[in-house]
Amino acid sequence: MKIMFLVAVSFAILAVVSCDKVKDPEVISVTLGAQGNATVDGFYAVEENETYTMATAADNQGDIDIFCFYEAETGNNIALASPGTGISGIFTGADAPETWTTKNTTSFIVTTITEEQFEAVQEGDALIVSSFDAVNARRKAKDIRAGQVWSFMTQDGVYGLLLVTDVVQGADGKATFVLKTKKVIDAK
Amino acid sequence: MLNKHFIIPFLLAYLVTACTPAEPEPETFPFIIFKTGSGFIKDGSAVPPGGTVKIGISATGGGAAITNLVVRREADGVVTTETDRGMYIVSGGLDTTLIYTRGYANAERWKIFIMNSLRDTATATMTVLKGAGSAWGEISYYPSVVLGMQSNVTHPCYLDLTSGTAYTKAGVAGHEAAIDLSVFWYLTSGISSPTLTCPSYPSALTWFPEYSSWTVRNQTLYDYYSSDNDLVSETQFASAKNDSLLVTAYRSQTVSGLSKFAYSGKIVPFRTSAGRYGLLKVIRADERADGTVEVAIKIQK
């Protein structure tokens, strides 16, 4: 009986050990609506992975890192920005981000990373951080297009790669993207 | 008995089903990006001969461990392997900085290659043009350093090449991470050989077993071919006033952490693990285990 027990335990350990493999990254897909989109939330907190309406975002200002907006005249089209970008005249009302007291800033830079390469990036890869070009980064991801991979860094030191998968132009339009992130402590 | 006949087939079935990958191997592949900022060089940059080529790379294994990094420099049609490093990076990818010195060729093409545990590969290349003027750097010169062989109990036996400081066995504590070189004597195929080695070289443990307990064991690479064939003369060594000769004499394709036959007059190009190029001239070498070696060193500041 003792031998039987040892055999059983050995098999169990072998099964666990031999199945060890590289952890697949968590895939986060987010859709954000532009300022006139009444059905899709337009504000996003990266670390919390939560979307908000403008009203609920105003109640959680410290969490908001990214929002979506549309502006054809300046060529922004569907774009991503953050409360600290200084966008004005797009959102209206008392909850508009320009009225907020806490305005986090996220910086963006488009990369040469392809969609196929984006798929290869693994959870926690240092490449998520090193793909961010701090010198050339901007406070807007302007005129984003499906297939582009943008690198970003939030004010709280979360770096991310963002693959744009769908864009619908217009003030009631929206943007859908997939995220892979890595938090770096003391990145501020 | 019923239990026995039930449990073993059950466990076997569990083992097979649990470990038969329900998912196929990842369909993603490794790739490399060049880092920007912090002085990293960009494709098409111009660097004068002697200038620093600082390459930052970040790579993902594409779902499998990264197992190999190779860096090759192509200059004037000659391909030189500058780095060929085994590794096993399961998570987090590879993120590293590579520092080399620009040579004299009009253009240098740098090719970075990685392989993962599934033998998928990725490469990235950049061209570094030749900048105007030269940027050869200053050197330190240590005209006489005496080191004891493995059985010598009166002389220091560990050398920090950068500072030219030699440490005894009793005094090395706290300085292990700075040690680049030690010397031993043995008979190899019946031939007497004063020999240069370094803390990370496996056979060095035969003569300096204490290396096994060091947390940092530096790898110094010696260009044994240039030494064996006397490619650097004593006159050249004496006249080297900057690091030009130190860099260009080093042939990265013929290097090892061990350099045999360090007889009097031999000059050995080397590169430390910190990336400093240098030349070591053997002034005098005893051919016994308790003897000493006197060397002169020129090394990049």
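Keep in mind that this is a model prediction, so the values were computed, not measured.

### What to know about the overall build of chain A
If you tally the helices and strands in chain A, you get four helices and nine strands. Along chain A, from the amino end to the carboxyl end, the secondary structure elements read α-β-β-β-α-β-β-β-α-α-β-β-β. Each of the 188 residues in chain A was classed as buried or not, and the buried ones make up 40%. Of the contacts made within chain A by residues no fewer than 6 positions apart, 58% connect residues no fewer than 24 positions apart.

### Observations concerning the pairing of strand β3 (residues 52–60) of chain B
Residue and element names in this part refer to chain B. As paired strands, strand β1 (residues 31–34) and β3 are joined by four bridges and run antiparallel to one another. By the bridge assignment, isoleucine 32 is partnered in β3 with alanine 59. Across eight bridges, the pairing between β3 and strand β6 (residues 94–101) is antiparallel. What sits directly across from alanine 59, in β6, is leucine 94.

### Comments concerning the pairing of strand β5 (residues 77–81) of chain A
All names here are of chain A. Among the five residues in β5, five count as buried, and that is most of the element. As paired elements, strand β4 (residues 66–71) and β5 share five bridges and run antiparallel to each other. Opposite phenylalanine 67, over in β5, you have alanine 81 as the bridge partner. Between the end of β4 and the start of β5, which pair antiparallel, lie five residues, with glycine 75 showing a positive phi angle near 85°.

### Quick notes on the confidence of the model for chain A
Chain-level pLDDT for chain A is 88 on average; 84% of the residues reach the 70-or-more range. Across residues 11–22 of chain A, confidence stays below pLDDT 50; counting only partners more than four residues off in sequence or on other chains, it has 16 contacts.

### Some details on the sheet that holds strand β2 (residues 46–47) of chain B
Residue and element names in this part refer to chain B. Across the sheet, five strands lie side by side as β2-β8-β7-β4-β5; this open sheet has mixed pairing. Each edge of the open sheet is held by one strand with a lone partner, namely β2 and β5 (78–89). Sheet topology note: the strand β7 (residues 107–116)/strand β8 (residues 121–130) ladder contains nine bridges and is antiparallel. Bridge pairing in β8 links glutamate 108 to valine 128.

### Digging into the domain arrangement of chain B
Residue and element names in this part refer to chain B. Assigned domains within chain B: domain 1 (31–130) and domain 2 (139–300). Domain 1 and domain 2 are separated by 28 Å when their C-alpha centres are compared. With seven residues of domain 1 at the contact, the number on the domain 2 side is eight residues. Within the residue set of the side of domain 1 that touches domain 2, elements represented by two or more residues are β5 and β6. With three residues, β5 is the single largest residue contributor to the side of domain 1 that touches domain 2. The residue inventory of the side of domain 1 that touches domain 2, partitioned by class, reads one nonpolar, five polar and one charged.

### Focus on the nonpolar core
Ranked by size, the top nonpolar core spans 67 residues in total, and within it Phe67, Leu80, Ile144, Leu162 and Ala175 of chain A together with Ala59 of chain B carry the most contacts. The dominant element in this core, judged by the number of residues it contributes, is strand β8 (residues 158–168) of chain A, at seven residues. In this structure, phenylalanine 67 of chain A is in contact with Leu32, Gly42, Phe43, Tyr44, Ala81, Ser82 and Pro97 of chain A, ignoring residues within four places of it in sequence. In terms of nonpolar packing, the next biggest core, distinct from the first, is built from 45 residues, Met149, Leu181, Val183 and Val268 of chain B among them.

### Section: unusual backbone geometry
The phi torsion at asparagine 77 of chain A lies on the positive side, around 50°, for a residue other than glycine. Turning to its location among the elements, asparagine 77 of chain A is positioned in strand β5. One non-glycine residue, aspartate 76 of chain B, lies in the positive phi region at around 50°. Here aspartate 76 of chain B lies in the loop between β4 (66–75) and β5. Judged by local crowding, aspartate 76 of chain B falls into the exposed class, with 10 C-beta atoms found within 10 Å.

### What to know about the sheet that holds strand β3 (residues 50–52) of chain A
Paired through backbone hydrogen bonds, the strands of a sheet run either parallel or antiparallel to each other. Residues and elements named next belong to chain A. In space, the four strands of this open sheet follow the order β3-β2-β4-β5, with antiparallel pairing throughout. On the outer flanks of this sheet lie β3 and β5, each paired with one strand and no other. The mean inter-strand angle of the sheet, taken between neighbouring strand axes irrespective of direction, is 25°. Sheet topology note: the strand β2 (residues 43–45)/β4 ladder contains two bridges and is antiparallel. Paired with tyrosine 44 across the two strands is isoleucine 66, which belongs to β4.

How each quantity is defined
Counting starts from 1 at the beginning of each chain's written sequence and moves along it residue by residue. Labels follow written order: the first chain is A, the first ligand is 1, and so on. A pLDDT threshold of at least 70 governs which residues receive local features in this predicted model, and a stricter bar of 80 or more applies before side-chain atom pairs are shown or counted, although totals over entire chains, interfaces and linings include all residues. For helices the rule is a DSSP run of H or I covering at least 4 residues; for strands it is a run of E covering at least 2, with both sets numbered from the N terminus onward. Neighbour density around each residue's C-beta defines its exposure: 20 or more other C-beta atoms within 10 Å make it buried, 12 or fewer make it exposed, and counts between make it partly exposed, where C-beta atoms are placed from the backbone. For every residue pair, C-beta atoms are placed from the backbone, and the pair is scored as a contact if these atoms sit within 7 Å. Note: two strands are recorded as paired if DSSP finds a minimum of 2 bridges between them. For every residue, the predictor states its confidence as a pLDDT score lying anywhere from 0 to 100. In this entry, domain limits derive from an automatic or database-based domain assignment. In this count, Pro and Cys sit with the nonpolar residues alongside Ala, Val, Leu, Ile, Met, Phe, Trp and Tyr, while Asp, Glu, Lys and Arg are called charged and the others, Gly among them, polar. Any nonpolar core is a set of buried residues, restricted to Ala, Val, Leu, Ile, Met, Phe, Trp, Tyr and Cys, that join up through C-beta atoms within 7 Å. Lines fitted to the C-alpha atoms define the axes, with helices restricted to the stretch that makes contact. Angles between their N-to-C directions range from 0 to 180 degrees.

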